[in-house]
Amino acid sequence: MKGHAESAAPFVANEPRAHWHDESLWFVRVKRDRQAATVPEWEDLRSTASAIKAHTLSRLADYLEEFERNATANGIHVHWARDGAEHNAIVLKILNDHGVKRLVKSKSMLTEECHLNPYLEAHGIEVTDTDLGERIVQMRKEPPSHIVLPAIHLKKEDIGELFHIQLGTEKGASDPKYLTEAARGHLRERFLGAQAGLTGVNFAIASTGGVVVCTNEGNADMGTSLPPIHIASMGVEKIVPRPRDLAIFLRLLARSATGQPVTTYTSHFHGPLPGGEMHVVIVDNGRARILGEEAFRRSLSCIRCGACMNTCPVYRRSGGYSYGYTVPGPIGSILGPQRDPAAYGSLPFASSLCGSCTDVCPVKIDLHHELLAFRQELAKKGYLPWQKRFSMWVMGQVLARKWAFLLGGRLMRTLMPLLPRALVYGPWNPWGKQRELPPMPRESFRDLLKKEPR
Amino acid sequence: MATPTTSRDTILKAMRANAPQLRPLPDPPQAIVYPNPLEHFAATLAGVGGRFLKATDEADLQLQLGSLEVFQRATRIASTVPSLPGNVDLEALKNPHELEGIDLAILPGDFAVAENGAVWVPGTNLGPQRAIFVIAQHLVLVIQASTVVHNMQQAYENLNLQRPGFGVFISGPSKTADIEQSLVIGAHGARSCTVIAL
């Protein structure tokens, strides 16, 4: 598996586009700030949300059982899946039991994590992602590059070209309004022809046995009110105790995600359509194990708003695909290596540890501290490449000895300006790939300080 | 022979084994209140692409509705507001697909929220076909001006979730910004959302 830096290379090679990507996401971050500022109790809301999550995680099994009891009483079928394969098999069985061949989906990162689409397609089911961004990347046979803005890496001209080929829009047309209208028509046909709808779950309420789904487009509502069967896939961590706790998260979610006061539709499902069926599939897929890890369990509090991505200087400049994991950005850099440290070991290093992610996280996950802790974990377990281990060892030796440190500084100041460029910026200096070293000072800080009158 | 363990038992057992020490459930913070919640609601609704109208009485409500362009242009109108009847008999529709082609839906909201421009519409306000609120091309929501609450915390204190059932907060028209972050109104659901307060 390629590391983050290698995977980012093609993205950063196109400098104007990388710059545009950076600006697009910063624009969303600015909108988030503006919305957060309209709520004077914003910081209290974050602390409360964090504490509700900590409480819920400390009693997760009880709340899931309570949810199951109440959901069953509401006429919802509740299923449990240990992993992605079991989740996919449950979904397929529900579809097969009803002879469903056409499924419409609204956004669900969990089904991305479980690789549901290819599995269902291999079993003869036509799967249509209906969130506009997700439909775009599905047509391109790509995964989403961002959890809230799946097609943020594409320009309108790319989408115009795609729609021209797939939907017969005019060649060269790239007006977002025109393209969205074309998608609306195309997806209405899919909604009307679907036999079942699948959604993710933003929140599940234990005390009432219902699930809540938030969208701006209304695709989850179309997908669950036209076909008679609704399947909702939820990770175990989506549970909140009561409706009044849900209120706290709804005040934070859309403001943090896209800088809106709330999503257009916040739909509460407490049972099937009359004459229909509703199923909830509760998925663990490694979450119970993470719950036992003191240093990383807070990552289970994530409500998938994407604010950490929008603000992250590394994500903004390297793009979602450079992470190679379903969830990119700072939170993905913790979730990925938790699942598979060998495959995603480079992700905790895809960070400057600036802490901006921690500052914007609506549930106060200590993201940059966890990233640092993860680096230490990976080092202890021997997942670091030899170059990194060796250079760290050298630095350790130098920093532990005053004479070595002083000598090192002197050599840098005197020899560096004399060395040919090819030697300094060779392949052994990945830091210098797109950056220039500052000019070497003539004197060290220590020398300057000595000269200062006391 | 031991009974086979189900996935449910395996998951719950692992969760109990790995559960951190019990942490208390916090009380919610003091939430924002506005000097004039109805005014703030109207401004927030405009900010999310919706439109607000105030009617003085039932007769004015009819007038206000009649003055709307989306009403004047509509051929097929569905309504679940008794005083503002449409021309589509929802009870006669056999399945939700027959809702396609409805130009305007007029629905009652139970209350509205000042902080985010949302209107609570319980499933029982949607008539026999739940899809009406999202499949109609345009939407008019009718609320009582006195029902506007300040914030979502207050909203959930008053909220009666019907079980089994459905309910939705609607804040403005359907929208997307999935193409280059350009806001486009009218993604899958209503292309416009007008809230009239009585």
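The name recorded for chain B in an unreviewed UniProt entry is LUD domain-containing protein, from Paludibaculum fermentans.

Under an unreviewed UniProt entry, the name given to chain A is Lactate utilization protein, and the source organism is Paludibaculum fermentans.

A.B. asks: Any details on the UniProt feature "domain: LUD" (unreviewed entry) in chain B? Residues and values, ideally.
C.D. replies: Under the present numbering, the feature "domain: LUD" (unreviewed entry) in UniProt falls on residues 88-197 of chain B. Across residues 88-197 of chain B, the secondary structure splits into 10% helix and 34% strand, with the terminal C-alpha atoms separated by 24 Å.

A.B. asks: Can you tell me about helix α4 (residues 60-73) of chain A, naming the residues and giving the values?
C.D. replies: All names here are of chain A. Compared with an ideal rise of 1.5 Å per residue, which puts 14 residues at 20 Å, α4 spans 20 Å between its outermost C-alpha atoms and is within 8% of the ideal. If you check which residues of α4 are buried, you get Leu 60, Ala 61, Tyr 63, Leu 64, Phe 67, Glu 68, Asn 70 and Ala 71. Of the residues flanking the end of α4, it is Gly 75, one or two places downstream, whose phi is positive at about 90 degrees.

A.B. asks: So what about the interface of chain B and chain A? Which residues, and what values?
C.D. replies: Contact with chain B, which involves 72 residues of that partner, is made by 99 residues of chain A. Summed over both sides, the interface between chain B and chain A buries roughly 7,000 Å², with carbon and sulfur atoms accounting for 60% of that surface. Broken down residue by residue, the surface that chain B buries against chain A is led by Asp 178, Ile 179 and His 188 of chain B, which jointly contribute 12%. Linking chain B to chain A there are ten salt bridges. Residue Glu 65 of chain A pairs with Arg 16 of chain B through a salt bridge whose shortest N-O separation is 2.8 Å. At the junction of chain B with chain A, the criterion picks out 38 residue pairs in polar contact (both at pLDDT 80 or more). Sort the elements by how many residues they give to the side of chain B that touches chain A and helix α1 (residues 7-18) of chain B lands first, with nine residues. A per-class count over the side of chain B that touches chain A returns 36 nonpolar, 23 polar and 13 charged. The pairing of strand β9 (residues 265-270) of chain A with strand β8 (residues 165-170) of chain B spans six bridges and is antiparallel. Each residue of the ladder has a partner; that of Tyr 265 of chain A, found in β8 of chain B, is Ile 170 of chain B.

A.B. asks: Describe unusual backbone geometry, and please don't skip the residues or the numbers.
C.D. replies: Negative phi is the rule for most residues except glycine; trans is the rule for most peptide bonds. With an omega of -10 degrees, the peptide bond running from Arg 163 of chain B to Pro 164 of chain B counts as cis. Following the sequence through the fold, Pro 164 of chain B ends up in the loop between α6 (152-158) and β8. The phi dihedral of His 115 of chain A is positive, around 55 degrees, even though this residue is not glycine. With respect to the helices and strands, His 115 of chain A occurs in the loop between α6 (109-113) and α7 (116-122). Its identity as a non-glycine residue notwithstanding, Arg 304 of chain A has a phi of 60 degrees, on the positive side. Position of Arg 304 of chain A among the secondary structure elements: in the loop between α13 (287-291) and α14 (307-311). For Arg 304 of chain A, a relative accessible area of 17% corresponds to the buried category.

A.B. asks: Any chance you could break down the nonpolar core for me, citing the residues and the numbers?
C.D. replies: Counting 75 residues, the largest nonpolar core has Leu 64 and Phe 67 of chain A as the members making the most contacts within it. Looking at which element gives the most residues to this core, the answer is α4 of chain A, with six residues. Formed by 67 residues, the second largest nonpolar core is a distinct cluster that contains Leu 252, Ile 303 and Val 363 of chain A together with Phe 169 of chain B.

A.B. asks: Which residues make up the pairing of strand β3 (residues 104-108) of chain B, and what values do they have?
C.D. replies: Each regular strand displays side chains that alternate between the two surfaces of the sheet. Residues and elements named next belong to chain B. Taken across its five residues, β3 has five buried, putting it largely inside the fold. Relative to β3, strand β2 (residues 77-79) runs parallel, the two being bridged by three bridges. Its bridge partner lying in β3, Ser 79 is registered against Ile 106. Pairing between β3 and strand β6 (residues 138-143): five bridges, direction parallel. Looking at the pairing, Pro 108 lines up with Val 142 of β6.

A.B. asks: I'd like a description of the environment of Pro 150 of chain A, backed by residues and values.
C.D. replies: Position of Pro 150 of chain A relative to the elements: it lies in the loop between α8 (132-139) and α9 (156-167). Setting aside its immediate chain neighbours within four residues, Pro 150 of chain A contacts Lys 107, Asp 131, Gly 133, Glu 134, Val 137, Pro 144 and Ser 145 of chain A together with Asp 178 of chain B.

A.B. asks: Outline a positive patch on the surface, supporting the account with residue identities and numerical values.
C.D. replies: On the surface, Lys 402, Arg 410, Arg 446 and Lys 450 of chain A cluster together into a patch of positive charge. Mapped onto the secondary structure, Arg 410 of chain A falls in helix α21 (residues 402-415).

A.B. asks: Help me get a handle on the sheet that holds strand β8 (residues 239-240) of chain A, residues and values and all.
C.D. replies: Overall, mixed pairing links the eight strands, which are arranged β8(A)-β5(A)-β6(A)-β9(A)-β8(B)-β5(B)-β4(B)-β7(B) in an open sheet. What marks the edges here is a single partner per strand, and that holds for β8 of chain A together with β7 (148-149) of chain B. Across four bridges, the pairing between strand β5 (residues 118-122) of chain B and β8 of chain B is antiparallel. In the sheet register, Trp 120 of chain B faces β8 of chain B, and the bridge partner there is Phe 169 of chain B.

A.B. asks: Quick rundown of helix α3 (residues 42-58) of chain A? Include the residues and the values.
C.D. replies: Structurally, the α-helix is built with 3.6 residues per turn, so residues lying three or four positions apart point the same way. Between its first and last C-alpha atoms α3 of chain A spans 24 Å; for 17 residues at 1.5 Å apiece the expected length is 24 Å, and the two agree. The buried count for α3 of chain A comes to 13 of 17 residues, which makes it a mostly enclosed element.

A.B. asks: Please give an account of the state of the cysteines that cites residues and values.
C.D. replies: Residues and elements named next belong to chain A. As enumerated under the stated definition, the model contains zero disulfides over all chains in all. With no disulfide of its own, Cys 302 lies closest to Cys 308 among cysteine sulfurs, the gap being 6.5 Å. The thiol of Cys 354 is unpaired, and the distance to the nearest cysteine sulfur, on Cys 357, comes to 6.2 Å.

About the thresholds
- Residues numbered from 1 in each chain as written.
- Chains lettered and ligands numbered in written order.
- Predicted model: local features only at pLDDT ≥ 70, side-chain atom pairs only at ≥ 80, totals over all residues.
- Heavy atoms only, no water.
- UniProt positions renumbered as here; feature names shortened; annotations may be inferred.
- Helix = DSSP H or I, 4+ residues; strand = E, 2+ residues; numbered from the N terminus.
- Expected span 1.5 Å × (residues − 1).
- Buried < 20%, exposed > 50% of the residue type's maximum accessible area, 1.4 Å probe, protein only.
- Contact = heavy atoms within 4.5 Å.
- Buried area = accessible area lost by both parts, 1.4 Å probe.
- Salt bridge = Lys/Arg side-chain N within 4 Å of Asp/Glu carboxyl O.
- Polar contact = N/O pair within 3.5 Å; in protein donor to acceptor, adjacent residues only side chain to side chain.
- Nonpolar A, V, L, I, M, F, W, Y, C, P; charged D, E, K, R; others polar.
- Pairing = 2+ DSSP bridges.
- Core = buried A, V, L, I, M, F, W, Y, C linked by side-chain atoms within 4.5 Å.
- Patch = residues over 30% accessible without salt bridge, like charges linked within 9 Å, V, L, I, M, F, W, Y side chains within 5 Å.
- Areas by Shrake-Rupley, 256 points an atom, 1.4 Å probe, with all protein chains shown as cover.
- Lys, Arg positive; Asp, Glu negative; His and termini not counted.
- Charge placed at Lys NZ, Arg CZ, Asp CG, Glu CD.
- Disulfide = S-S within 2.5 Å.

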